[in-house]
Every structure is written in C-alpha cells, then in structure tokens.
Amino acid sequence: MPGMNSGLSNTNPVLVAAFRSALLHQGLLAAALLAVLSIAWVSVREWMPSASRAGAGGQPTAEPAAVRLLRIGFGVVWIFDGLLQAQPAMAAGLPSSVIAPTAAASPHWVQTVVNWAGTSWSYHPIEAGAAAVWIQIGIGAWLIAAPAGRWARLAGLVSAGWGLVVWIFGEAFGGIFAPGLSILFGAPGAALFYCVAGALIALPERAWTTPTLGRRILAGTGLFLVGMAVLQAWPGRGFWQGSTHGTAGSLASMVGSMAGVSQPRWLAGWLTAFQSFDAGHGFSVNLVIVIVLAALGAALLSGQPRFIRPALAVGAVFGLAVWILVQDLGFLGGLGTDPNSVIPLGLVCAGGYLAMQRLPAPATVPAALAEPAAVPAEPEAAPEAASPAQRRPARLAGAFGRASLRAVVAGWAAVIVLIGAGPMLAAQASSTADPIIAQAIDGNAAPLDFAAAPFTLTDQNGATVSLASLHGKVILMTFLDPVCTSDCPIIAQEFRAADRLLGNQAARVELVAIVANPVYRSVAYTRAFDAQEQLSGLPNWLFLTGSLPALQKVWGSYAIAAQILPAGGMIAHSDIAYVIDGNGHTRTELDFDPGPGTASTESSFAVELSDAARRVLGSG
Amino acid sequence: MSAVRTARRIAAARIGTAGAIAVLAAACGSTSASDGSHGTTAPAPSLPLATAIAGPGQPGWAIVPMGGSSKDFENFWELFARPAGSPTWKLATPPGVASNGGLVMAASGPGLVTGFRGSQDLTFSPLAAIASPAATWSQGSALVSPGLASVPDALASGPHGAMIALTSTGQVQLAAPGTATLTRLTTERELARTAAGRACGLTALTAVGFAAGGTPLLAGTCTRGGSAGLFAWEQGGAVAAGLPGQAGPTSVIGLETAGGRTTALLQSGSGKAATVLAAWSASGLADWTSSPAVSTGAGNLRSQEMWTNGGAALVLTGNKGEAISGPGGSWQSLPALPAHTVTLALGPAGQLQALAPAGASLSVWQLAAGDGGWSRIQQIQVTVPYGSSS
C-alpha cells in the first residue's frame, strides 16, 4: 500500500532511541502528575473537616458484578495492549508490519481508509507510537480505577471510541471484508469486543437491574457464534481439508505460519503438533469446531441457565484451545498488539452471564453520594461573606478533597489519555513528516562555515550561471543525474517540496542541481529531467551543466563522486545537499540519500532541507 | 508464396551511421518532442525485446536480459556485439544509464543506435550511437520522450541520420535527415482515423522503420482480415504499403530494411492456430513476396530476429526455434535450442548462434553445419550491477 510505511527498518536505532526517549519523558510527566495529584488530594483532605471527607468520598455506588468484570477485565487488557505498544519496534513498524498485512487482503476501499491512517502514523512515528501507548494505558487505568457511576461510564465511552479507532484503522475492520474470515483467526477483530464492552460499561446502572440485558448479551453472542459456525462449515473455504496434494488447508496453513514466528519452543512444538494433526484430520477437526460453535451459539441463544452454564464451561476450554493452538496467544512473534479475540470474547460472555444471574442489590446509598463529583460543596466550607467568584475555588477544592482515591486515580488516568492524544492530534494537523525520519536514514546535518567553491555552468535555458551570480540568495544545492532511474527523481521532488514549505521565503532561496553524469550531460537532458519532474515552471530551480572538465572540477570541489558503472548500471554518485548562504559560504552539509523514497521519507527530507534553509535565512 | 503490386515505388537509399551519430551529437538546444495529443494516444503493445541483428560479413548485435532476479529492476538488459568476421561476442552496453527497463536498437550501417526504455522513475528514453563494435559510444542531445515502446522495432534509423521512434504512448516521432530533434509525427489514434487506418481496423502500433528510399514506415495490428498494418508516411499522410494480411487480425511484429529490401514479420491467428510469416519487398514496397506461415501458437514467442540478408528466426518456448533464409525460403525447425536461449544470431559466415543467458553468464552456442547440433563456443561473465537501481 502506498505511503503505508516509512520504509525504514522497524529497529532503526535512531527511531527506537527517540521512541524510548518520548516514552520516558511522557512517563516521567505522568508520574509527576500522579505525585502532584496525590499530594494535593492528601493536603486538601487534611484541611477538610473529617466528617465531610468521610461522608462523601468513602461511599461507593453499588456496581453490578457484570460491569465490574467488564471494567476491570478490559482495563487489564488495555494496559496489556499499551505495554505491547511500547515495544521498541512499534513506532516504525506498526504501519508496515501490522496494519498493512492486516489490510492486504481487504477490498480497495478498506485499504484506502487504512492507508490514510498508516500514512499519518508513518509521518509521525514517534508521536503516534507514544500516543498509542499512553492512550491505552490511560484507558486501562481509568477503567480499573474508576468508581461506579459517571467516571466508569465515561471510561467505557472512551474505551469504546478508541476501540473503534483501533478496529477500523489498526485491524482493517477486523478483516470482516477480507476472504478467509473465521472466528479461529480472530474475526471479527478483538477491538470490536473492546467497543462492545465499552458500550456496555457506559450504560446507566438501571440497565443492569433486570436479567434482560444479560440475556441479550448472551443471545447476541450466541447469534454471532452460530454465524461463525455456518461460515466455518461453508464449503470451498479450505477449512474442511487438512492438506490436499501437499497444500495445507486454511487452518493448517495458519497454524503453520503461527508456529514459525519467534516464541517459546514448547509453544511452537504444540502448534506444530496441532498443525500436523489438522493436516491429517482436517475434516474431523473442522467438524468438531463447527459442532462446538453451533452448540455454544444455540445454548447462549436459549437463554436457559441450565444450558448456558455448561456452554460457558465448554466455551472456556474451547476458547483456551483456540487461543493457544491457533491464535498463538495473540501477541507472540512479530509485533503483537493485543491478545487477540478469545480473551475479550470470553469477558463479554462472562459479563453477560453475570448480568443475567447476579443482579445488583437495591441501592442503599443516597443517590447524592453515588457520584462524588456531583456532590455540592458543604455550605460551611465557604466563608459566608465571600463572593461567588471567591467561593468557586473553595468549592472545587472541597469536591476534590471529598473525591475517593479511585476517582483521583481515574482523573489522573484521563489526563494520561489526553497526554497521549494531544501530541497525536497535533501531529495529524501537520501535513509534513517528522524530520527524524530523514535523520534516521542519513544522520544529522553537519554545520559548516567555509567559502563555497566557485563554479560557472549553464542552466537548463542555456544561460550562464555562476556562484557569484547567485550572491544574496541562499542556495540549496545538490548533484543529480538527469537519466537516473531512482534516487535523483526523489531528491528533485524533495527539493520541490522544500520550496513549497518555504512559502514566501522561497523568493530568497535558489534551488540548484548540478549534473552528476559524465555521459548524459547536455541541456536537452536537463530539460527532459525538468519536464519529467515537473520542475520546468519552478522559477528558482536551476539545473546546471557544462563541459566534462567543468563538471569534473565542480564535482571535485564539492566532494562528489560520479562513477560509471559497468553493464547497464546507472551512474553511481554521491547524494549530498549543501546549504550555501547569501555570501557564498557553505553552512550545512546534508547526507541526502533518499532511502526508500516513500511518501513519509520524501516529506521528512523536505522538512529537513527547508529547516536548514530557514536557519541560514534567519542567521543572515 | 504471393506477390502483391502497389502503386508506389520508393527509391532505395543508403542508411548512414554517420548521420545517426550526427543526430545524437547535435548541439545543445535539441529538445524532446512533447506529447501534444493528450487523450489521443494509447499505450503500445508489448513484444519480447530480446533480439539480434546481423548479416553475413557484418557486425552482429544482440540484446539479452541478464540478472535472473525476481525483481524486475535487478535484471539488466545487455547489448552484445560481434565484430565483423569474428565468431565471438563482447559486452557492448552503452554506459551511463540503467538498462533495467529494456534496450531497443536500430542498425545504422555497420553501427548501431540504442535506446534505453524508461524504468522506475525515468520516463524518457536516452539514446546512444556507435559506429562499429570497435568504436566508442556517442551520446548527444537526442532523446525520445515519452519513452520508447516495449517492442523490438520501436526505433529505426534511416538515411542521412534520419530516425523514427515509437513511444510507449503510441506516438510516432521523427527526426528528419539533418535535424537533431525527434518531433511528433502522428499517433496510433490519429492513424486509425485515416482512410488507410480505417481500412485495416488499426488498433495498435507495433513497429516503425524506413523504406529503402527513406520513407517512414509505421506498422501495427489490423483487425480486419486480409489487411496487414504497414503504412508509408508520404506527403504528410499515411498510405497503405500494400503488405498482404492473413485471415483475421494480423500484427506486424518485426520490420527491417537493409540492402534495398524491406522485411516484415507478420503474426496472425490466435491460440494454437497462431502463425508467423515473413514478407519481403525489394521493389520499394511495390511488390511483396510472402513465406509460408509457421505455426507458433499464441504467447509462445520469446524473440524474433531479422537479418540484413532477409533471413529471420523465431525463438519459441520449449527450446524450439524456427528460421528462414530469406525470400523464396521456407521456415525450418531448428534442433532443440540450448537451455535459456533468448535470441538467435548469425555468425561471421552465416552460421546460427544461440545466445543463452543464465544469471550473470552468457553462453554462446553455434549450430554446426548439417544438423550437427549445438556446441558452446563462448561463455561471457557479466558484472551485473545488482543493487545499483534499488
């Protein structure tokens, strides 16, 4: 998919170091925030009358067991996912190693949607990678800590919202539009269960006071399982065959690929054994799977606890088997981002069962105490003579002091989510890529300050151009082969993009390329290159050439090698850019090998180049 | 065999290498032809690019893909030359441009003009010329933009440095004698709208060349049976050159003029019934002589070769080959070709040679007289510039 990745190694040391540094800084910020909140909370509570702080914050709302299970269960899962997002290779690797393969088999429109997100991520891999970590850890902590009521419901909503983002952009709609859909492989996507659970948590308490909601949850799950059973039984999808003419069937093939990823040897052994078993008994294995799925679905649809209880027990065993033997625990090997769908599906089922069987006791706590944040400030806390404006801080302090510890932690977790989302949103607002991608490819720019070597050459219009004739302009200079097939067109586009980024300042900048081909160096070829790269109309673009001795002199002055390769190879030449100030002094040297030439690397190099030009413009 | 008379007679003229080099070395200021016909061009079809040109007593030239990589941009097309009188070949690929998009060549007397097809981000075709296998390449200002079509006869040189090119967008460009710039002549769609084009049901251009007198020739695919798409460009318009077609759609897949004789290779039929025949005109396109058709099957053609003596050869899949000696001859099935053979060439005394690349090695095999079988006479190791275009 175009633009889906930066083209860099997932373990590029520059990106990994920057990712770790961002996580460390944001982690320290989060810890400091927690410390400040804790100190403030304890301090406020010390100043408050003991009666008011005990009476307000200490009375929790009676929370339905199902909500508690979903809240804490998915909170743990989100934190686990957040920690997986902190893997060093995740910043550079998520678009290319996770998102793109997931979407590869989906229809074009799905790929277009997913590609947009993947490109956005690859433009700002550090911000996006760190954001995903903190958003998910924040949501998880929020869910776990949130006291029943408004805080928990809000956490559920945020969880559902972020789950939807992950399901659409990270899981390509869970692959539901791709061929080969199977519950065994994670359909309809783990994040969809996160959305469902978040939505359930966000429901008001009254929804849980009867068994109806629980029955509906189980019935919905049952319907889903029956549908998956039909899909599993559908002929022609490769699940009935273990192996045909040496070609593995769908299940054996998937298990085989999972067995090949990096993981503990014992686990790989289990997977390999199951793959062999399925290859030899594909029909029987699929028959069992279809029957179990259909039976589970029917039991959940029945709404009868005497069917549902054993079904849940069987489902737990079956799910565990699928999780281990097919999904490989979901996160091992490659860049795992979550434990896959079995765990969240199991949590939703368990939540449904609890909602049906264990109804919350009637509330004995006054409604006014159920949600501490909504409790009005006690009248004696505010001085009678104070104005409303003066009373507001006192009321806030009072509410803060009366808040439970869980509410304070939940508030902190919500801020952590914002700490993650803020930089990500800011990065999305920028249409240019982070210059760190260019630095990850070629290293940092080298500051210099010496007189640039003079030259006198011919531009694409046949006019003579010398370094002296460009006095007063900042020169962005590089060396290009007009018949180059790969790097030079990319570099030319990076120069063009840098010119756009400079905006009005471009009028004070000259973009200069000098021919780096000893054979094809006529003006006709520089013109053809300009036309090819749509540079002909750029007023400050100069593509200079000259006699071979004149060019060789310039190449020597600027440390450019232009070597003729044998047997059909293009000219090998240095990819370097120089920034020369208006007084003819070389101020910056940039290694300008464009790397893979993806959309994000091109944009990143353009930003690096325009930044270098601005620095010289600013210092001049 | 059949003979067809046309109303036109085109005088023969000598094709000069010096003229072609003069075009390429022309002064700065020559510009590429721009495609001023947006919406009126169509992509030219693709034919195998591997080919060889030679004649008895003349130098031989052959284009061969090398590298053996699964990545297209890691396979480089190499030009090999055989000096006149020598049985051995040497690497002669022009320097300075990546050849991974393919090479196209046009004989120019004892010399050659070579065009690089665009590849990766290169969209135009640089040209180079050489006077003989012993000379050095000359690169001037001429180029073809948009890039050359993916057919072996996308480029031809004519008398006094005239040159004609077929681009990947179906545009025909011409550098008239004495001029240094290839300029737009016509397009496939424009040609299809002419009376001659309509008469044959032209759907694609597949080759360009010059008649013996220097008249530009444009060849293509006709959908109407009985017509062969060969047109002479005279007085600013295209006229049918009188080449007879076969029943059903017919494509001209090769076009060569040498020694006052124009040779065309015609492919017709489909599926297993696909055939190829050769046709010759030594009378300025007035009369044509056709060979019997040889059955090739569709999609089996790996390369076609046309020699200056009027002979031609076909390399087919399955190590099969067919050759014809010239007018009056008939197609002869060759002994099983050596493995990996991509093109057939002529040795110094007219012996058949098979060029078979494998990775970075080219084997040259020669067919002994009297069906004595193929024997390897040379092996050339090529430094394939892997990674240079990645």
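Residues numbered from 1 in each chain as written. Chains lettered and ligands numbered in written order. Predicted model: local features only at pLDDT ≥ 70, side-chain atom pairs only at ≥ 80, totals over all residues. Heavy atoms only, no water.

**Student:** Honestly, the interface of chain B and chain A in this entry has me stumped. Any pointers?
**Tutor:** How big an interface is tends to be reported as the loss of accessible area on association of its parts. Taken together, the 35 residues of chain B in the interface contact 29 residues of chain A. Across the chain B/chain A interface, buried area totals approximately 2,200 Å², and carbon plus sulfur atoms make up 61% of it. Ranking the residues of chain B by area buried against chain A places B:G96, B:D121 and B:F124 at the top, with a combined share of 24%. At the boundary of chain B and chain A, one finds zero salt bridges. (Contact = heavy atoms within 4.5 Å. Buried area = accessible area lost by both parts, 1.4 Å probe. Salt bridge = Lys/Arg side-chain N within 4 Å of Asp/Glu carboxyl O.)

**Student:** In this structure, what is going on with the sheet that holds strand β27 (residues 343-346) of chain B? I would like to understand it.
**Tutor:** Sheet strands associate in pairs through backbone hydrogen bonding, adopting either a parallel or an antiparallel arrangement. Residue and element names in this part refer to chain B. If you trace the four strands from one edge of the open sheet to the other, you get β27-β28-β29-β30, paired in antiparallel fashion. Looking at which strands have only one partner, the edges of the open sheet turn out to be β27 and β30 (374-381). Between one strand axis and the next, the sheet turns by 30° as a mean value, whatever way the strands run. Judged from the seven bridges that link them, strand β29 (residues 361-367) and β30 form a sheet pairing that is antiparallel. (Pairing = 2+ DSSP bridges. Helix = DSSP H or I, 4+ residues; strand = E, 2+ residues; numbered from the N terminus. Axes fitted to C-alpha atoms, helices over the stretch in contact; angles between N-to-C directions.)

**Student:** Can you walk me through the sheet that holds strand β2 (residues 51-53) of chain B in this structure?
**Tutor:** All names here are of chain B. Reading across the sheet, the four strands line up as β2-β3-β4-β5 and stay open at both edges, with antiparallel pairing between neighbours. Looking at the sheet topology across the chains shown, the edges are occupied by β2 and β5 (90-91). Bridge analysis of strand β4 (residues 76-82) against β5 gives two bridges, and the strand direction is antiparallel. Paired with F80 across the bridge in β5 is L91.

**Student:** Where do I start with the pattern of salt bridges in this structure?
**Tutor:** When charged atoms on two side chains of opposite charge get close, those side chains can pair. Residues and elements named next belong to chain A. Tallied over the full model, the rule gives seven salt bridges over all chains. E63 is the salt-bridge partner of R71, the closest N and O atoms lying 2.7 Å from each other. Across the pair, exposure class does not vary: R71 and E63 are buried alike. Taken together, the shared-partner salt bridges connect E63, R68 and R71 into one network. (Buried < 20%, exposed > 50% of the residue type's maximum accessible area, 1.4 Å probe, protein only.)

**Student:** Teacher, can you tell me more about the nonpolar core here?
**Tutor:** In a soluble, globular protein the nonpolar side chains are often hidden away together inside. In this structure, A:W208 and A:L251 are the most contacted members of the largest nonpolar core, which totals 114 residues. Among the elements that make up this core, the one with the highest residue count is helix α6 (residues 125-145) of chain A (14 residues). In terms of nonpolar packing, the next biggest core, distinct from the first, is built from 92 residues, B:A52, B:W89, B:L122 and B:A154 among them. (Core = buried A, V, L, I, M, F, W, Y, C linked by side-chain atoms within 4.5 Å.)

**Student:** Would you explain the state of the cysteines in this entry?
**Tutor:** In a disulfide, the sulfur atoms of two cysteines are covalently bonded to one another. Residue and element names in this part refer to chain B. Within this structure, the stated rule accounts for one disulfide over all chains. Sulfur-sulfur distance for the disulfide between C200 and C222 comes to 2.2 Å. Torsion about the S-S bond of the C200 and C222 cystine: about -85°, corresponding to left-handed handedness. Of the two residues, C200 sits in helix α3 (residues 195-200) while C222 sits in strand β15 (residues 216-222), which places them 22 residues apart along the sequence. (Disulfide = S-S within 2.5 Å.)

**Student:** How should I be thinking about helix α4 (residues 90-103) of chain A in this particular structure?
**Tutor:** Since the α-helix turns once every 3.6 residues, residues separated by three or four places project in the same direction. Residues and elements named next belong to chain A. Burial analysis of α4 places ten of its 14 residues in the buried class, the great majority of the element. Those residues of α4 not exposed but buried are M90, A91, A92, G93, L94, P95, V98, I99, A100 and A103. On the buried face of α4, the contacting elements are α1 (13-47), α3 (65-85), α5 (108-123), α6 and α7 (150-170).

**Student:** What should I look at first to understand the side chain of A:S603 in this one?
**Tutor:** Residues and elements named next belong to chain A. With respect to the helices, strands and loops of the structure, S603 is situated in helix α22 (residues 599-619). With a relative accessible area of 11%, S603 lands in the buried category. Residues in contact with S603, not counting those within four places in the same chain, are Y123, S431, T432 and A433.

**Student:** For this particular structure, what's the right way to read the packing of aromatic side chains?
**Tutor:** Aromatic ring pairs are described here by two measures, namely the spacing of the ring centres and the angle between the planes. Applying the stated rule across the entire model yields 20 aromatic pairs over all chains. The interplanar angle of 50° and the centroid separation of 5.7 Å between the aromatic rings of A:W116 and A:F169 together place this pair among those described as tilted. Taken together, the residues span a long stretch of sequence, with A:W116 in helix α5 and A:F169 in helix α7 at a distance of 53 residues. Relative accessible area serves as the criterion here: at 54%, A:W116 is assigned to the exposed category. On the accessibility criterion, A:F169 (22% relative accessible area) is partly exposed. Plain terms: the ring middles of A:Y525 and B:F124 are 6.1 Å apart, the flat faces sit at 55° to each other, and that makes the pair tilted. Residue A:Y525 is found in helix α20 (residues 523-532), and its partner B:F124 is found in the loop between β7 (111-116) and β8 (125-130); the two belong to separate chains. Across the pair, exposure class does not vary: A:Y525 and B:F124 are buried alike. Note that B:R82 overlies the ring of B:W89, its terminal NZ or CZ placed 5.8 Å from the centroid. (Phe/Tyr/Trp six-rings, centres within 6.5 Å; stacked < 30°, edge-to-face > 60°. Lys NZ or Arg CZ within 6 Å of the ring centre and 35° of its normal.)

**Student:** Mind showing me how you'd approach the side chain of A:T545 here?
**Tutor:** Residues and elements named next belong to chain A. Structurally, T545 is set in the loop between β8 (541-544) and α21 (548-557). Reaching out from T545, the side chain makes a polar contact with the backbone oxygen of R521 at a distance of 2.5 Å. Not counting residues within four places of it along the chain, the set of residues in contact with T545 comprises L457, T458, V515, R521, S522, V523, T526 and L551. (Polar contact = N/O pair within 3.5 Å; in protein donor to acceptor, adjacent residues only side chain to side chain.)

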